[in-house]
Amino acid sequence: MAEEVLIPSSGKITSQLTSSLLAVAFLTSFGSSMLYGYNLAVVNSPALYIKDFYNRTALSRNGTGLSGETLTLMYSLTVSVFAIGGLLGSVIVGMLVSRFGRKGTVVNSTVLVFIASSLMGFSRICGSPEMVIIGRFITGIHSGISLSVVPMYLGEIAPKNLRGFLGLVPSIFIGTGVFTAQILGLHELLGKEEYWPLFLSVVVVPTFIQLMLLPWFPESPRYLLIEKQNVHATITALKWYRTKCNIQAEIEEMQEEQHSLSSVETLSVWRLLQDDMVRWQVLSVVVINIGMQLSGIDAIWFYTNDIFENAGIPAPEIQYTTAGTGIIEIIAGLIGCFSIEKVGRRPLMIGGFAMMGICSAGITVTLILQAHLSFMRYISVCCVVGIIAGFCIGPAGIPFLITAELFKQSHRPAAYIVGGSLNWLSNFTVGFVFPFLQMSAGSYCYLVFATICVSVAIYVYVVIPETKNKTFMEISRMFNKKEAVLETQDLVHVDQLKLKKMNGYGGVEHASLEFDSSFSSVP
């Protein structure tokens with residue numbers, strides 16, 4: 001196990017990665033975050049088999065099969081109900097983390113995976129398509145909870161110099177989940193008709209491993225001290241995660257945050273939105289979470305097979321090529337994870353969104369020109385790879401990390417509700433709107449995504465400060481300074497208005513004169 005190193009020259013404590021921190025990051029991501037990625041991709045491979053099951057079940061029940069429109073509707077519901085469940089999970093996560101704690105929520109939510117896996121695994125034996133749809137809905141609830149609570153938990157147990165590294169571990173496992181679903185979905189493995197119920201329910205394995213091991217690790221020290229006021233448990237947790245070290249500085253930083261809070265009670269979403277002191281933080285969470293989904297990454301996955309087919313890749317080999325993009329996703333995630341503490345959050349987000357914007361515009365150009373220039377087909381493949389790599393290197397995981405870093409303890413759960421809800425709503429919107437956008441705009445539809453990506457990159461550059469290696473209190477003070485600057489600019493504007501009234505010979509409207517007269521009446 002690594003030890004913490006005290007640096008006397010700067011007066012700051014720099015922590016090294018311990019086996020306990022790495023184990024918790026692995027277990028929470030492996031048993032929760034990976035399931036989100038897996039469930040995103042798992043329904044693609046067995047789509048024909050699931051539709052056939054739905055049709056045969058209707059035939060045995062009613063004597064007639066389903067129409068093509070009804071069958072498409074049922075399958076679309078099977079796919080999209082996952083996002084509806086995710087939205088519900090993101091809404092209730094604030095209540096869960098306040099009641100059960102961060103680790104407690106991760107552990108207790110595993111029951112949802114066991115229920116969902118049982119429903120989907122036995123659906124064919126029971127002859128019930130409803131079990132598949134309900135199972136997908138429940139897995140969505142679990143993923144909605146996990147996408148918020150896992151980065152929240154890791155962000156609170158990590159020392160400030162490792163918060164970015166640990167915060168991006170879940171995004172690597174999300175990519176691993178997508179890749180696992182692509183590999184297991186190959187015809188040589190679980191891609192055969194008789195295996196699709198097992199294919200949908202195999203997610204129970206990583207969750208079972210998590211349930212067996214994670215309860216042995218302690219709860220978030222920040223939650224124990226700030227919300228539960230349990231100093232003894234806080235010290236025990238810090239010693240577990242930091243080993244032989246001086247933990248006094250971290251406890252003092254937590255106590256400073258605790259004293260700065262007007263109340264240790266968790267804020268509601270409504271109170272968070274009304275709090276002027278965090279308006280820039282809330283706006284930033286809104287922009288980056290919406291931008292993450294409206295970047296078009298889901299649409300790219302939707303269109304990948306067609307682009308590869310146009311590039312001349314033989315149809316039987318497209319599934320292997322698509323699985324290859326999963327490897328790119330994992331590699332890009334690893335690059336982001338291991339570089340975030342060196343280059344910072346801002347460069348990875350700005351670079352990632354900018355790269356996605358450029359490549360999205362590139363897809364539009366290549367789709368237009370590939371009828372005249374054959375080599376454009378291969379450039380379109382490169383653009384797809386560029387979008388996937390740009391997304392996974394930063395925008396895939398940093399929005400969840402930033403949500404934890406921008407808020408104090410009392411505001412954090414409500415912030416995750418806002419960010420998570422918008423994330424899932426945007427996810428559902430892209431999945432629902434993209435086919436219609438593609439029909440109406442054709443290849444130009446990717447220009448919409450390019451514009452969104454570039455706009456988010458500009459917003460991050462202008463508004464969001466670098467949070468690398470800073471405590472939660474230091475980050476809060478940076479935004480407080482931004483508020484103070486804006487308030488000062490407003491006061492300067494008022495003073496200039498008053499001066500204009502004095503020197504402008506009545507050039508200011510009467511409303512302004514009345515406004516200033518109120519100052520003269522004050523003694």
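Conventions and cut-offs
- Residues numbered from 1 in each chain as written.
- Predicted model: local features only at pLDDT ≥ 70, side-chain atom pairs only at ≥ 80, totals over all residues.
- Heavy atoms only, no water.
- Helix = DSSP H or I, 4+ residues; strand = E, 2+ residues; numbered from the N terminus.
- Buried < 20%, exposed > 50% of the residue type's maximum accessible area, 1.4 Å probe, protein only.
- Contact = heavy atoms within 4.5 Å.
- Areas by Shrake-Rupley, 256 points an atom, 1.4 Å probe, with all protein chains shown as cover.
- Expected span 1.5 Å × (residues − 1).
- Core = buried A, V, L, I, M, F, W, Y, C linked by side-chain atoms within 4.5 Å.
- Domains from an automatic or database assignment.
- Salt bridge = Lys/Arg side-chain N within 4 Å of Asp/Glu carboxyl O.
- pLDDT = per-residue confidence, 0-100.
- Patch = residues over 30% accessible without salt bridge, like charges linked within 9 Å, V, L, I, M, F, W, Y side chains within 5 Å.
- Phe/Tyr/Trp six-rings, centres within 6.5 Å; stacked < 30°, edge-to-face > 60°.
- Axes fitted to C-alpha atoms, helices over the stretch in contact; angles between N-to-C directions.
- Parallel < 35°, antiparallel > 145°, perpendicular 65-115°, else oblique.
- Left-handed = near helix turned anticlockwise from the far one by under 90°.
- Nonpolar A, V, L, I, M, F, W, Y, C, P; charged D, E, K, R; others polar.

Draft legend 1. The overall build of the chain, seen in detail. The helix and strand tally for the chain stands at 24 helices and two strands. Taken across its 523 residues, the chain has 52% of its residues classed as buried. Taking the intrachain contacts of the chain between residues at least 6 apart in sequence as the baseline, contacts between residues at least 24 apart amount to 81%. Of the accessible surface of the chain, which amounts to about 22900 Å², a share of 67% is contributed by carbon and sulfur atoms.

Draft legend 2. Helix H2 (residues 47-62), seen in detail. A rise of 1.5 Å per residue sets the reference length of H2, with its 16 residues, at 22 Å; its end C-alpha atoms lie 22 Å apart and thus fit the reference within 8%. Along its buried surface, H2 packs onto helix H3 (68-100), helix H6 (123-126), helix H7 (129-157) and helix H9 (196-201). Once H2 ends, the next one or two residues include Gly 63, with phi positive near 85°.

Draft legend 3. Just the nonpolar core, in detail. Counting residues in each nonpolar core, the largest one holds 113 residues, and the members touching the most others are Val 24, Leu 200, Leu 272, Ile 363, Phe 407 and Tyr 446. In terms of residue count, the dominant contributor to this core is H7 (twelve residues). Of the domains in this structure, domain 1 (18-217) and domain 2 (271-468) are the two that each give at least three residues to this core. With five residues, the next largest nonpolar core counts Leu 225, Ile 247, Ile 251 and Met 254 among its residues.

Draft legend 4. Quick peek at the pattern of salt bridges. For the coordinates displayed, the defined rule picks out nine salt bridges. In this structure, Glu 341 engages Arg 345 in a salt bridge whose closest nitrogen and oxygen atoms are separated by 3.3 Å. Accessibility classification places Glu 341 together with Arg 345 in one group, the buried group. One salt bridge connects Arg 345 with Glu 405, and the closest N-O pair in it is separated by 2.6 Å. Here Arg 345 is found in helix H18 (residues 345-369), whereas its partner Glu 405 is found in helix H20 (residues 398-405), with 60 residues between them in sequence.

Draft legend 5. Up close: the side chain of Thr 366. Tracing the chain through its elements places Thr 366 in helix H18. Taking relative accessible area as the criterion, Thr 366 reaches 2% and is therefore assigned buried. Once residues within four sequence positions are removed from consideration, Thr 366 is found in contact with Met 376, Ile 379 and Ser 380.

Draft legend 6. Expanded view of the confidence of the model for the chain. Looking at the chain as a whole, the pLDDT averages 80, with 84% of positions reaching at least 70. Considering only residues more than four positions removed or in separate chains, one finds that residues 1-13, a stretch of pLDDT under 50, has 29 contacts. Here residues 497-523 is modelled with pLDDT under 50, and outside its nearest four sequence neighbours on either side it reaches ten contacts, counting other chains as well.

Draft legend 7. Broad picture of a nonpolar patch on the surface. On the surface, Val 205, Phe 208, Ile 209, Met 212 and Leu 213 cluster together into a nonpolar patch covering about 430 Å² of accessible area. With respect to the helices and strands, Phe 208 occurs in helix H10 (residues 204-213). Classification of Phe 208 as partly exposed rests on a relative accessible area of 44%.

Draft legend 8. A look at the packing of aromatic side chains. Considering all chains together, one arrives at twelve aromatic pairs under this definition. Judged by centre distance (5.4 Å) and plane angle (75°), the ring pair of Phe 26 and Phe 173 falls under edge-to-face. Of the two residues, Phe 26 is situated in helix H1 (residues 19-41) and Phe 173 in helix H8 (residues 163-184); the sequence distance between them amounts to 147 residues. The exposure class of Phe 173 is buried, given its relative accessible area of 13%.

Draft legend 9. Just the packing of H8 against H20, in detail. Packing of H8 against H20 leaves a shortest axis separation of 8 Å and a crossing angle of 135°. The angle between H8 and H20 falls in the class oblique. Both H8 and H20 take part in a crossing whose hand is right-handed. Seen from H8, the contacting residues are Arg 163, Gly 164, Gly 167 and Leu 168; seen from H20, they are Ile 398, Leu 401 and Glu 405. Looking at the contact of H8 with H20, its residues break down into three nonpolar, two polar and two charged.

Draft legend 10. Fine view of the environment of Tyr 444. Here Tyr 444 lies in the loop between helix H21 (412-441) and helix H22 (445-462). Residue classification places Tyr 444 among the partly exposed positions, given a relative accessible area of 49%. Sequence separation of Tyr 444 and Ile 368 is 76 residues, and the distance between their C-alpha atoms is 8.7 Å.

Draft legend 11. Structural view of unusual backbone geometry. Here the phi dihedral of Gln 229 falls at roughly 50°; this positive angle occurs in a residue that is not glycine. Along the polypeptide, Gln 229 turns up in the loop between helix H11 (221-227) and helix H12 (231-242). Judged by its relative accessible area of 44%, Gln 229 is partly exposed.

Draft legend 12. Spotlight on the environment of Gln 248. Of note, Gln 248 is situated in helix H13 (residues 248-260). In this structure Gln 248 comes out as partly exposed when scored by relative accessible area, which is 40%. Spatially, the C-alpha atoms of Gln 248 and Ile 235 are 9.0 Å apart, while their sequence positions differ by 13 residues.

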